[in-house]
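# Overview (structure and organization)
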Amino acid sequence: MKRITKAIIPAAGLGTRMLPISAAVCKEMLPIVDIPAICHLVEEAAACGITDILIITNRGKEIMENFFDLSPEYEAALAAKAKYDEIDRLREIANTANVYFLRQKETLGLGHAVGRARSFIGDDPFIVMYGDDVIFSDRPVCGQMMDVYEKYGRPVVAVKPVSPEELSKYSSLKVEPIEGEDRVTYCTDMIEKPKAGEEFSNLSILGRVLLTPDIFDIIDELDPGAGGEYQLTDAIKQIARESGIYALEFEGDRYDLGSKIGFLKANIVKGLEHPETGGELKAFIKKIAEEI
Ligand code: UTP
């Protein structure tokens, strides 16, 4: 079985839920304390042995490309102050993986964005990391999915149970239990943005899918789905219906950086962990908690 060394990060959405800021700074570059969201994704992938990452972008998102480059001006300024640890951190980010960029020229949906990556992927299995979904976990979710792929040799989707309101915004999966498995189920169908009564279960795909290259022929034939967009879920659904895939209830906490509340929560969680901000932030939260 081929090892997984490639990932795609679709980051070409308009981010309308994060307006007005997203009109000037794309949501994937919004900070979680001092690191942009997309950097967490690239570091998660690299930690699992992924060496080549294609970020799908669009107009106005050049700042992502600059971020993964070296920063000679900052390095010179930091060297003058003997701040060598900070220089090392900047270099570490620039060298995390081979990061490639490709434009999705029209914002036609997640399925369409992934379809642009066919020649980058070639014949290899790969992981799609949704550009605004950051997951904090002891073991990176990409690695958790790779384990399931190695065991079953079929596509794997990362899932969690979600509330009825969330289900109608995401997807709902039809799954069967597998003997001896706690967190892995066999998935034979799914629906994107189900209306009330159309749900299969409360399990929804959140943020990561591991796919095989046969998905590209299906994407090429897709019709527009929910919201008039080419939905990746509709393509994965065809594979699930024809030959089954696996759903992994991953370990970890996922934050939707495409939403205001997800952005705020992720910053509180990481702000509390950060050595520079943790103590003061904790005292501040306790103080305002008494007042609200
Ligand atoms: P979302 O639906 O969360 O992103 O797509 P969006 O369209 O930017 O969100 P809103 O509703 O306008 O706020 C999930 C991921 O897929 C990417 C987005 O950038 C996001 O990371 N995406 C979405 C694309 O790359 N291309 C698309 O055409 C749509």
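An account of the accompanying structure is given in this report. On a predicted model such as this, the values are computed, not experimentally measured, just so you know.

What follows is about the site of the ligand. For the ligand, the set of nearby residues contains 18 residues, the closest of which are Gly13, Gly15, Thr16, Gln104 and Gly109. Take alanine 12: an N or O atom from its main chain is 2.8 Å from an oxygen atom of the ligand. The separation between an oxygen atom of the ligand and a polar main-chain atom of leucine 108 is 3.4 Å. When isolated, the ligand has an accessible area of 580 Å², and the protein chains bury 84% of it. Looking at the shell around the ligand, its residues break down into seven nonpolar, seven polar and four charged.

Take the pattern of salt bridges next. Under the definition given, this model contains 22 salt bridges. When the shortest N-O distance is used, the salt bridge between lysine 2 and aspartate 124 registers 3.1 Å. With lysine 2 in the segment before strand 1 (6-10) and aspartate 124 in the loop between helix 6 (118-121) and strand 6 (126-129), this pair connects stretches of sequence that are 122 residues apart. The partly exposed category is assigned to lysine 2, whose relative accessible area is 45%. A salt bridge links arginine 118 to aspartate 217; the shortest N-O distance between them is 2.8 Å. Within this pair, whereas arginine 118 is found in helix 6, its partner aspartate 217 is found in helix 9 (residues 215-220), the two being separated by 99 residues in sequence. Connected via shared salt-bridge partners are Arg17, Lys27, Asp132 and Asp256.

Between leucine 19 and proline 20 the backbone carries a cis peptide bond, its omega angle lying at 5°. Turning to its location among the elements, proline 20 is positioned in the loop between strand 1 and strand 2 (31-32). Residues other than glycine seldom take positive phi values, yet valine 33 does so here, at roughly 60°. Despite not being glycine, alanine 82 shows a phi value in the positive range, around 55°.

Conventions and cut-offs
- Residues numbered from 1 in each chain as written.
- Predicted model: local features only at pLDDT ≥ 70, side-chain atom pairs only at ≥ 80, totals over all residues.
- Heavy atoms only, no water.
- Near = heavy atom within 4 Å.
- Polar contact = N/O pair within 3.5 Å; in protein donor to acceptor, adjacent residues only side chain to side chain.
- Areas by Shrake-Rupley, 256 points an atom, 1.4 Å probe, with all protein chains shown as cover.
- Nonpolar A, V, L, I, M, F, W, Y, C, P; charged D, E, K, R; others polar.
- Salt bridge = Lys/Arg side-chain N within 4 Å of Asp/Glu carboxyl O.
- Helix = DSSP H or I, 4+ residues; strand = E, 2+ residues; numbered from the N terminus.
- Buried < 20%, exposed > 50% of the residue type's maximum accessible area, 1.4 Å probe, protein only.

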